[in-house]
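An overview of the molecular structure
Each chain is listed here by its residues.
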Amino acid sequence: MKKSLILCAALISSLAFSQTQTDSIQLDPQKQINAAQRLLSGNYASAVTVGAYGEMLYNQPNGQNGELDVQRLVLLFGYRFDDRTQFVTEVEFEHVEEVFVEQAFVNYNAAPNLNIRGGLMLVPMGIINEFHEPTTFNGTERPTLDNVIVPTTWRELGVGVTGRFNSISLGYQAYIFNGFKSTEADGNGGVSGLLGGSSGLRGGRQKGIQSTINTPNLSTKLDYYGIPGLRLGFSTYFGRTQAEDDVQEFDGADIGLAMFGLDARYAYQKFTARGQFIHASLSDTEEYNALTNSNLGSALQGWYLEGAYNVLPAGNRQKLFAFARYETYNTHADVAGTLIENKAYDRTDVTTGLTYHIAPGVVVKGDYQFRSNAEEDGDVTDRLNFGIGVWF
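Notes on the structure in this doc start here.

Our focus in this paragraph is the side chain of Asn138. Checked against the element boundaries, Asn138 lands in the loop between strand E5 (114-122) and helix H4 (145-148). Side-chain polar atoms of Asn138 contact the side chain of Glu306, separated by 2.9 Å. The residues touching Asn138, leaving out its near neighbours within four places in the chain, are Glu306, Ala308, Phe321, Phe323, Arg325 and Thr355.

Written as structure tokens, this is what we have:
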């Protein structure tokens, strides 16, 4: 406890540097945009736009060594070919040593309410998968629900349409994507599974890396913003996972997937709140588990509620939010066949802490997580976290 208090005190003295982007855009859900939207909507004199966001974190589990990590640094590049055609890309460096392309797509403004997009894009499911820049959410770490059920950052190759009808306060997105990869040949005439009970669908993300596709998947999202301060979202995702040519003939090589999500963000004066519910129904998991010797559940489900209050005076350029989030998620919400439900996969996190916006585009965070699961003797460790985030 003494160590925790010392580290909490250190939070207040932490510093970072950056620029751009007003706090109203960061915190008002009706004005909030992500990095790609900012590149697309900006009125820049130059055809080329450049930006970045990044996070440096410290995680201290109880009774264990702490970890310091440059968790991610993402470089943003945009190019405007003409008034209707733009290109957006994000290049991500994870943990200093890994490099990924997070987004790379062409956007064509075909009509006032219609944009056509193609390339590597974010799947619009929930809040964090699209709005994951560190100044846009509370907590040093992203909600765990948006890790094991919505496998943030979830991006795939595809084509689709997006737009908004301001007269009815409705935004829409619809895409055809390649899906998760569920199996691959193990080199010994057998099949390896990429999906499992603990991490859910996360291991199946293809990320645009020589992605295989044999069944296209449909992703949609509607956003309603007709009530001042409130934004409501409804997301869906339907299709099947992908299997390589060498394993397609095996029974259970792929599974069906139907996912939907509800989310809400609200801001009123110094108070903000958000919530999210995600449910994924998986079919053919009994055959998949038999083939791959895995323990994938037939349903994944989770939700969270969060509230935050700015304790600094109204009108202050800086903002200090005290927040709390209750989160529960279960990757064995249901199981099929002879698979026995693992109660350790039914998890709950309670996170409380501070989010200090010391300048537009710069945030310093600190929080404590009380973590548990439904297993009687569950081995779960509470954790203290600190971080610095920038976005410009």
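Looking now at the side chain of Ser169. Along the chain, Ser169 falls in the loop between strand E6 (155-165) and strand E7 (170-177). Take Ser169: its relative accessible area is 16%, and that puts it in the buried class. Contact partners of Ser169, with chain neighbours within four places excluded, come to Asp223, Tyr224, Tyr225 and Gly226.

Residues Tyr108, Ile116, Val159, Ile176, Leu218 and Phe238 make up a contiguous nonpolar surface patch of roughly 490 Å² in combined accessible area. On the basis of relative accessibility, which here comes to 37%, the residue Leu218 falls in the partly exposed class.

Quick look at helix H5 (residues 285-292) now. All of the buried residues along H5 are Thr285, Tyr288, Asn289 and Thr292. Down the axis of H5, the smallest arc covering the buried residues is 95 degrees, so these residues share one side. On its buried face, H5 sits against strand E8 (181-185), strand E9 (191-193) and strand E14 (271-283). Following H5 by one or two positions, Asn293 has its phi on the positive side, about 55 degrees.

Next up on the list: the nonpolar core. Counting residues in hydrophobic clusters, the biggest one holds 38 residues, and the most contacted among them are Met125, Trp154, Met259 and Leu282. Where this core is concerned, the elements lending two or more residues are helix H3 (35-41), strand E2 (67-80), H4, E7, strand E13 (256-268), E14 and strand E15 (299-310). If one sorts the elements of this core by residue count, H3 sits on top with 4 residues. Excluding anything up to four places from it in sequence, Met259 contacts Met125, Ile149, Trp154, Leu201, Ser235, Thr236, Tyr237, Ile278, His279 and Ala280. Within the second largest apolar cluster, 8 residues are counted, among which are Leu312, Leu320, Tyr356 and Val362.

Next up on the list: the pairing of strand E19 (residues 383-391). Burial within E19 is extensive, with 8 of its 9 residues counted as buried. Note that strand E1 (residues 48-61) and E19 share 9 bridges and pair antiparallel. Counted as the bridge partner of Gln60 is Leu384 from E19. Bridge count between strand E18 (residues 362-373) and E19: 8 bridges; the pairing is antiparallel. Residue pairing across strands places Tyr368 opposite Leu384, the latter belonging to E19.

The next thing to look at is the sheet that holds strand E12 (residues 242-243). Strand order across the open sheet formed by 3 strands is E9-E8-E12, with mixed pairing between neighbours. What marks the edges here is a single partner per strand, and that holds for E9 and E12. The pairing of E8 with E9 spans 3 bridges and is antiparallel. What sits directly across from Ala185, in E9, is Val191.

In this structure, the largest pocket spans a volume of roughly 790 Å³. Lining the largest pocket are 33 residues, and of these Gln37, Asn115, Arg117, Thr162 and Arg164 sit closest to its centre. Of all the secondary structure elements, the ones that give two or more residues to the lining of the largest pocket are H3, strand E4 (98-111), E5, E6 and E7. In this structure, the second largest pocket is lined by 27 residues; those nearest its centre are Gln71, Glu141, Arg142, Asn147 and Arg202. Those elements giving two or more residues to the lining of the second largest pocket turn out to be E2, strand E3 (85-94), H4, strand E17 (346-359) and E18. The class makeup of the residues in the lining of the second largest pocket is 5 nonpolar, 8 polar and 14 charged.

Calculation criteria
Going along each chain's sequence as written, the residues are numbered from 1 onward. Given that this is a predicted model, residues contribute local features only at a pLDDT of at least 70 and side-chain atom pairs are listed and counted only at 80 or more, while totals for whole chains, interfaces and linings are drawn from all residues. Only hydrogens and water are removed before side-chain values are computed, so all heavy atoms of the structure are retained for them. The helix and strand labels rest on DSSP assignments: H or I over at least four residues marks a helix, E over at least two residues marks a strand, and numbering proceeds from the N terminus. Pairs of N or O atoms within 3.5 Å make up the polar contacts considered here, provided that, within protein, one atom can donate a hydrogen while the other can accept it, and that residues adjacent in sequence are counted only when both atoms are side-chain atoms. Two residues form a contact once any of their heavy atoms are found within 4.5 Å. The classification of residues rests on relative accessible area computed with a 1.4 Å probe and restricted to protein chains. Under 20% of the type maximum is buried, over 50% is exposed, and intermediate values are partly exposed. Only residues whose relative accessible area exceeds 30% and that form no salt bridge are eligible for patches; like-charged ones are grouped when within 9 Å, while nonpolar side chains (Val, Leu, Ile, Met, Phe, Trp, Tyr) are grouped when within 5 Å. In these tables, accessible area is a Shrake-Rupley quantity obtained with a 1.4 Å probe, and a residue counts as shielded only by the protein chains included in the view. Whenever a carboxyl oxygen of Asp or Glu lies within 4 Å of a side-chain nitrogen of Lys or Arg, that contact is scored as a salt bridge. In this description, the arc belongs to the directions extending from the helix axis to the C-beta atoms. Nonpolar cores are built from buried Ala, Val, Leu, Ile, Met, Phe, Trp, Tyr and Cys residues. Side-chain atoms within 4.5 Å join them into one set. Pairing between strands is defined by DSSP: at least two bridges between the two strands are required. Whether a set of points on the 1 Å grid over the protein atoms alone is a cavity depends on a 1.4 Å probe fitting there but being unable to get out, while an open set qualifies as a pocket with protein on both sides within 12 Å along at least five of seven lines; lining residues are those with an atom within 4 Å of a point. Grid points are joined across faces, edges and corners, and a volume is the space filled by probe spheres set on the points. Classification convention: Asp, Glu, Lys, Arg as charged; Ala, Val, Leu, Ile, Met, Phe, Trp, Tyr, Cys, Pro as nonpolar; all other residues, Gly among them, as polar.

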